[in-house]
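# Remarks on the overall topology
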Amino acid sequence: MDVVVCLKQVVDPELPIRDFAVDPGTQRQVRDGRPLVISTYDENALEVALQLKDASGAKVKVLTLGPAAAVSEAIRLALAMGADEAIVVDDPRAPELSGAEKARTLAAAIRRIGPTDLILTGCESADWAERVVAPLLAEDLGAACVTFVSRIEAGDGAPLVRRLVEDGHHLVEVRLPAVLSVTSDESNRPRLPKVKDIMAAKRKPVQTWSPGDLTPASAGDVGAGVEVRGVVVPERTSRCEFLTGEPVEQVEALVQRLRDQKLL
Amino acid sequence: MPDILVVATAPDGTLSRSSLELVAGAHAISGPLGLGVTAVLLGSGPGLVDAPQALHRHGVARVLRVDHPLLTAGESDAYLRVIEQVARIERPEVVLISADTMGRDLAARLAWRLGAALVTECSELASGDGAVVARRQVYGGRAVATMAVTRRPAVFSMKPRSLDVPAPSPVAGTVEDLTVEMDPGDLPTRVRQVLREQSDVGLEDAQVVIGGGRGMGGPEGFAQLGELASTLGGAVGASRPPADSGWVPLSWQVGQTGKTIRPALYVAVGISGATQHVAGVSGSRMIVAINRDPEAPIFSVAHLGIVADFREVVPPLIAKIKELKGL
Ligand SMILES: Cc1cc2nc3c(=O)[nH]c(=O)nc-3n(C[C@H](O)[C@H](O)[C@H](O)COP(=O)(O)OP(=O)(O)OC[C@H]3O[C@@H](n4cnc5c(N)ncnc54)[C@H](O)[C@@H]3O)c2cc1C
C-alpha cells in the first residue's frame, strides 16, 4: 500500500494570544520569530499512516508545500517518526496561499509521485481551518473521500474507516484510491521519535520540487474570485465577576446568581 | 431559475435544524442582491412529506424534493451526486450548505464540480457591492476573516449553530418532486455501520452545558459533571484533551474542531480557555468558569468565575441544586 501524508507547517497554535499578530499587508499571521510546528491534525494523519506501515508494511511518503528552508525541521521530524521519504514543494508564497490553491499544487505533486492508494491529511489546519484540502484533493485526483476519520479499522482491500459524526461514528467502506482527512483520538496520538530514529532520518531521501515542475489539473481554482478583505482580532473586554469566599459560600453565591438570571 | 439554492437535508426523515439556519443565511443576502431563494430537500422516508412545510413556514416558497433510499445519514456520495445534478439543472448563483458532518464532505467537492468559488465554515453572511461577504473564524478563533466573493456560482458552507433559525414568516409554497437515478454500486463510499453514542440530552440542543477539561483528571471527574448536568437537565461537553484521551466520546468535544454550542448556561470546569475552545462556546448567554488558576484565560470570557479546585465546589453545588429542586 502506498500512502502519502500531506503535512503543513504552521505557527505554533498554542502560542499565547499576546504573541499573535496579523500582518496588514498579507492579511496572514506574522510568522517571524514565532515557533513553527507541524499542523496539529497532520501529525495524527501521519500517525495513522505509520500504524498502517507497522501493521502491513505500507510505504509512507510525506508531502509538504512551503518555503523549503523553513519546513526542513518539520520534514526531519516526520522522517524520524517513521516516514520513508519526503517531498517538499518549495514555494515561498505558500503561507499566503488559500487552501484551494494549496490543494491544486498538492494534487499535481501527488500525480508526479505516482500511483498512490491512500492520501491522508489533517481534518483542518491549525491556522486557516478551511477543511478543504482533503475534499479538493479527492476531486482533483478522482479519488474517494471521507473527512474526519479517527481510525482505519481494516487495512486490506476496501478499508473500513471510522468517521466522526454528530452523534457518534459511522463505519464507512471506502474504495481506493481514497483521500481521508484525519481527526485526533486516543488511537492516533503522534509517536515520539527515538534517538536512533532521529539519526536514521538523516539518511532518508528528501526531494525538493518547485511549483514550476508541476502541472495542475485544467479544472479551475475554486479559490479564484474570493478575496480576503480583512483579518481582525476581536477585542475582548473582561467582565468576569469573581465569587469569593469558602467553597460553600461560592456555591451559595453562584446559585443565587443563576436564580436571579432565571437559569435555575 | 433559483438564485440562491439552500441545501436542506432530512437524512432521518426530519428536516435538520441546520437547514433552517441556512435559510437565515439566504435571507441575509437575498434581498440586497435581488436574488430568490429555493431549497432542495434531500432525504428518505415518510418524514419528507411534512418537511417542506417547515421550509415554507420559514419563508422559502419553492422546494425541490428528492426522496431516495440512498439519501440517508452519512451517505455523502449519494448526496453529492444528487446536489450536483440539481445544481446543473437549476444553475443557482449561490449555493448554501451546512458545514455539518455531511456538509464537510460535500461543499468543497460540489464547488469543484460546478467550477464555483468556495468559502467554507462561515459564521455570517452579508452582501455588499454585489459581492457576497462572508465572515469566518481563523487562527483557532483568535481572529475573524472577512471574505468577499464576486464570482458566480459560489458555494458557501455555514458552520452549524452560527446562525439562529429565522423567525417564522409563512409563505404559500410549492413542492416539486425530482426523481434521480442512482446505482449504489457506483458510490465510492458506503456507510456499513452506525455507532451511536447514547446521551439523554443532545449537546447542541441543551439549554445547559457543563464542559469539562483536562483539569478533570480522568473519567471519574466527568461522572461528577454528569451528575451536575442531570440535576440541571443539561448535557456534558468537553474540551479537546478529554476527548483525545478517551475519557469521553469524541463527539462531546466542543470548540473549533468540535461542536459549536449556544446554551443559556455554559459551565466550564477545569478548562483553561484556549481560543480554540472558546470559539465553540462564546455564543453562550452566561458562562461560568470553575478553575483553580486565577490567571486562566477562561476568566476573560466568563461572566462568573470561581477560583477553586472543582472537587471542592462541584459536590456542594450538586447538593445545593438537588435541595432546591427537592430531588
Ligand atoms: C487546530 C486545533 C483545533 C483545536 N480544537 C479544539 C476544540 O475543538 N476544542 C477544544 O477544547 N480545544 C481544541 N484545541 C485545543 C486547544 O488549543 C487547547 O489545547 C485545549 O482546549 C485545552 O484544553 P483544557 O483547557 O481542557 O486543558 P488545559 O489547557 O491543560 O487546561 C486545564 C485547566 O484545568 C485547570 N485545572 C486543573 N486541575 C484542576 C482542578 N482540580 N480544579 C479546577 N481546575 C483545574 C488548570 O488550571 C487549567 O486551566 C484545538 C487545538 C488546535 C491546534
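See the structure printed just above.
Here goes a summary of the coordinates provided. Remember, it's a predicted structure, so these values are computed and weren't measured experimentally.

## Observations concerning the interface of chain A and chain B
- Contact with chain A, which involves 86 residues of that partner, is made by 91 residues of chain B.
- Roughly 7,600 Å² is buried in total at the junction of chain A and chain B, and carbon and sulfur atoms are behind 56% of that figure.
- Broken down residue by residue, the surface that chain A buries against chain B is led by R131(A), E139(A) and E166(A), which jointly contribute 9%.
- Counting across the chain A and chain B interface gives seven salt bridges.
- Joining chain A to chain B, the criterion identifies 49 residue pairs in polar contact (both at pLDDT 80 or more).

## Notes on unusual backbone geometry
- For the bond from L176(A) to P177(A), the omega torsion is -5°, close enough to zero to count as cis.
- Residue placement: P177(A) occurs in the loop between β11 (168–174) and β12 (178–182).
- P153(B) follows R152(B) through a cis peptide bond whose omega is -5°.
- Among the secondary structure elements, P153(B) is positioned in the loop between β8 (143–149) and β9 (154–158).

## Structural notes on the sheet that holds strand β3 (residues 62–67) of chain B
All names here are of chain B.
- Pairing within the open sheet is parallel, and its seven strands lie in the order β5-β9-β4-β1-β2-β3-β10. A single partner strand is all that each edge strand has here, and the edge strands are β5 (117–122) and β10 (174–178). Taken pair by pair, the neighbouring strands of this sheet meet at an average axis angle of 20°, ignoring direction.
- The pairing of β3 with β10 spans five bridges and is parallel.

Basis of the calculations
Residues numbered from 1 in each chain as written. Chains lettered and ligands numbered in written order. Predicted model: local features only at pLDDT ≥ 70, side-chain atom pairs only at ≥ 80, totals over all residues. Heavy atoms only, no water. Contact = heavy atoms within 4.5 Å. Buried area = accessible area lost by both parts, 1.4 Å probe. Salt bridge = Lys/Arg side-chain N within 4 Å of Asp/Glu carboxyl O. Polar contact = N/O pair within 3.5 Å; in protein donor to acceptor, adjacent residues only side chain to side chain. Helix = DSSP H or I, 4+ residues; strand = E, 2+ residues; numbered from the N terminus. Pairing = 2+ DSSP bridges. Axes fitted to C-alpha atoms, helices over the stretch in contact; angles between N-to-C directions.

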